[in-house]
Amino acid sequence: MIDPSSVIVIRTEGKELVLYSDDGNRVLMNKPLYELEQQLGDTFIRISKSAIINPRKIKNIEASFNGTMEIELTLGIKEVISRNHKKSFKERLGV
């Protein structure tokens, strides 16, 4: 069992669904991403088709030229916020 507050990101990597936590662990998950998103509730934000993040783990956000945004999380993990999820991401953060 993993404490949800220690989760940084859950994302797909190839055909695997991987969870990264504060302690540096990389855990393979056996549930679909949408199920985990439902279980975690409003404390996490979907940023793309393949990733959900813990907004409390955000270190930096940068806009890109192609309409996406790049986000840096704790432990130096980087993700891209897709254009399709950018509006809801900003709304959730109150930006």
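In case you missed it, the structure is sitting above this.
Because the structure is a prediction, the values reported are computed rather than measured.

Reading guide: rules and limits
Residues numbered from 1 in each chain as written. Predicted model: local features only at pLDDT ≥ 70, side-chain atom pairs only at ≥ 80, totals over all residues. Heavy atoms only, no water. Core = buried A, V, L, I, M, F, W, Y, C linked by side-chain atoms within 4.5 Å. Buried < 20%, exposed > 50% of the residue type's maximum accessible area, 1.4 Å probe, protein only. Helix = DSSP H or I, 4+ residues; strand = E, 2+ residues; numbered from the N terminus. Contact = heavy atoms within 4.5 Å. Pairing = 2+ DSSP bridges. Axes fitted to C-alpha atoms, helices over the stretch in contact; angles between N-to-C directions. Salt bridge = Lys/Arg side-chain N within 4 Å of Asp/Glu carboxyl O.

With respect to the nonpolar core
Soluble, globular proteins show a tendency: their nonpolar side chains are buried together.
Here's step 1: Counting residues in each nonpolar core, the largest one holds 14 residues, and the members touching the most others are Val9, Ile47, Ile53, Ile71, Leu73 and Phe89.
Here's step 2: Elements with a contribution of two residues or more to this core: strand E1 (7–13), strand E2 (16–21), strand E4 (45–48), strand E5 (51–53) and strand E7 (69–73).
Here's step 3: Not counting the four nearest positions on each side in its chain, Ile71 is found in contact with Ile47, Ile53, Ile58, Asn60, Ile61, Ile77, Lys78, Glu79, Ile81 and Phe89.
Here's step 4: Counting nine residues, the second-largest nonpolar core is a separate cluster that includes Ile10, Leu19, Leu33 and Leu40.

Some words on the sheet that holds strand E3 (residues 26–29)
Here's step 1: Taken in spatial order, the five strands of this open sheet run E3-E2-E1-E5-E4, and their pairing is antiparallel. Both edges of this open sheet fall to E3 and E4, since each of them pairs with a single strand only. When the angles between neighbouring strand axes are averaged without regard to direction, this sheet yields 25 degrees.
Here's step 2: Bridge analysis of E4 against E5 gives three bridges, and the strand direction is antiparallel. Paired with Arg46 across the bridge in E5 is Ile52.
Here's step 3: Relative to E5, helix H1 (residues 33–40) is tilted by about 20 degrees, and along the sheet it contacts E1, E2, E3, E4 and E5.
Here's step 4: Strands E4 and E5 of the sheet are contacted by helix H2 (residues 83–93), whose axis makes an angle of about 150 degrees with E4.

As for the sheet that holds strand E6 (residues 58–63)
Here's step 1: Strand order across the open sheet formed by three strands is E6-E7-E8, with antiparallel pairing between neighbours. At either end of the open sheet lies a strand with only one pairing partner, and these are E6 and strand E8 (78–81). In this sheet, adjacent strand axes meet at a mean angle of 25 degrees when their direction is disregarded.
Here's step 2: Bridging between E7 and E8 involves four bridges; their strand directions are antiparallel.

What to know about the pattern of salt bridges
A side chain of one charge can pair with a side chain of the opposite charge if their charged atoms are brought near each other.
Here's step 1: Summed over all chains, the structure comprises seven salt bridges.
Here's step 2: Note that Lys57 is salt-bridged to Asp22, the shortest N-O span being 2.6 Å. Of this pair, Lys57 sits in the loop between E5 and E6 while Asp22 sits in the loop between E2 and E3, and the two are 35 residues apart along the sequence.
Here's step 3: Relative accessible area serves as the criterion here: at 12%, Lys57 is assigned to the buried category.
Here's step 4: With a closest N to O distance of 3.9 Å, Lys59 and Glu72 form a salt bridge. With Lys59 in strand E6 and Glu72 in strand E7, this residue pair connects regions lying 13 residues apart in the sequence.
Here's step 5: Taken together, the shared-partner salt bridges in this structure form one network comprising Arg11, Glu13, Glu16, Arg26 and Glu79.

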